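Residue-level listing of the chains:
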Amino acid sequence: MKAVVSYEPGGFVFPDGEVPERIDGLTGGVAGTPVSMEQFRRLTEIPIVLYFGDYIPETPSQNLGDENWRVRLQMARKFVETINRHGGNATLVELPKIGIYGNTHFLMQDLNNDELARLLNEWLQSNFIEHENM
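Below, the structure is looked at part by part. (Residues numbered from 1 in each chain as written. Predicted model: local features only at pLDDT ≥ 70, side-chain atom pairs only at ≥ 80, totals over all residues. Heavy atoms only, no water.)

## Considerations on the overall build of the chain
Part 1: Looking only at helices and strands, the chain features three helices and five strands.
Part 2: The principal-axis extents of the C-alpha atoms in the chain amount to approximately 50 × 40 × 20 Å.
Part 3: The long-range share in the chain, meaning contacts at least 24 apart out of those at least 6 apart in sequence, stands at 68%.
Part 4: As displayed, the chain has an accessible area near 7,500 Å², and 52% of this comes from carbon and sulfur atoms.
Part 5: A gap of 5 Å separates the mean positions of the 11 positive and 19 negative side-chain charges of the chain. (Helix = DSSP H or I, 4+ residues; strand = E, 2+ residues; numbered from the N terminus. Contact = heavy atoms within 4.5 Å. Areas by Shrake-Rupley, 256 points an atom, 1.4 Å probe, with all protein chains shown as cover. Lys, Arg positive; Asp, Glu negative; His and termini not counted. Charge placed at Lys NZ, Arg CZ, Asp CG, Glu CD.)

In structure tokens form, the structure reads like this:
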């Protein structure tokens with residue numbers, strides 16, 4: 001595997017002893033999955049990018065869908081921070097924070113999927129083509 005590209009992932013691994021506290025939420029919350037440091041280090045050797053769309057609240061919500069993705073986005077932030085702290089190359093792209101609004105959970109099917117494909121292409125070029133002449 002050369003990289004990880006993930007659109008709104010729901011689960012995250014962390015090294016044994018570094019798993020963050022469970023983030024509780026209306027839909028049951030989310031917990032990190034512990035793996036050995038050896039397994040985790042493999043993730044630090046490849047570039048990782050995570051994309052999250054719009055309509056994800058920062059504070060608890062009574063809407064099940066909002067709440068489901070709120071806790072996952074918070075855990076994604078912890079995952080990216082942990083990968084990078086261990087020398088990896090992980091990027092979290094929160095589309096509204098870069099001026100792209102209106103995306104649902106099905107980013108690849110949204111009307112602006114050409115814009116999202118362009119973003120991914122730019123990421124691939126900056127992480128592979130320039131470095132490996134793919």
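Still to come is the rest of the account.
## A closer look at the pairing of strand E4 (residues 47-52)
Part 1: Taking burial as the measure, the six residues of E4 include six buried ones, the bulk of the element.
Part 2: Burial along E4 is two-sided: the residues Pro47, Val49 and Tyr51 and Ile48, Leu50 and Phe52 are all buried.
Part 3: By the bridge criterion, four bridges tie strand E1 (residues 4-7) to E4 in an arrangement that is parallel. Following the sheet pairing, Ser6 is matched in E4 by Leu50.
Part 4: Sheet topology places E4 next to strand E5 (residues 89-94); six bridges connect them, and they run parallel. Each bridged residue has a counterpart across the sheet, and for Val49 the counterpart in E5 is Thr91. (Buried < 20%, exposed > 50% of the residue type's maximum accessible area, 1.4 Å probe, protein only. Pairing = 2+ DSSP bridges.)

## Section: helix H2 (residues 64-85)
Part 1: With 22 residues, H2 ought to run about 32 Å at 1.5 Å a step, and its terminal C-alpha atoms sit 32 Å apart, in line with that.
Part 2: With a side-chain oxygen positioned 2.9 Å from the backbone nitrogen of Gly65, the residue opening H2 is Asn63.
Part 3: Gly87, located one to two residues past H2, shows a positive phi value of around 90°. (Expected span 1.5 Å × (residues − 1). Polar contact = N/O pair within 3.5 Å; in protein donor to acceptor, adjacent residues only side chain to side chain.)

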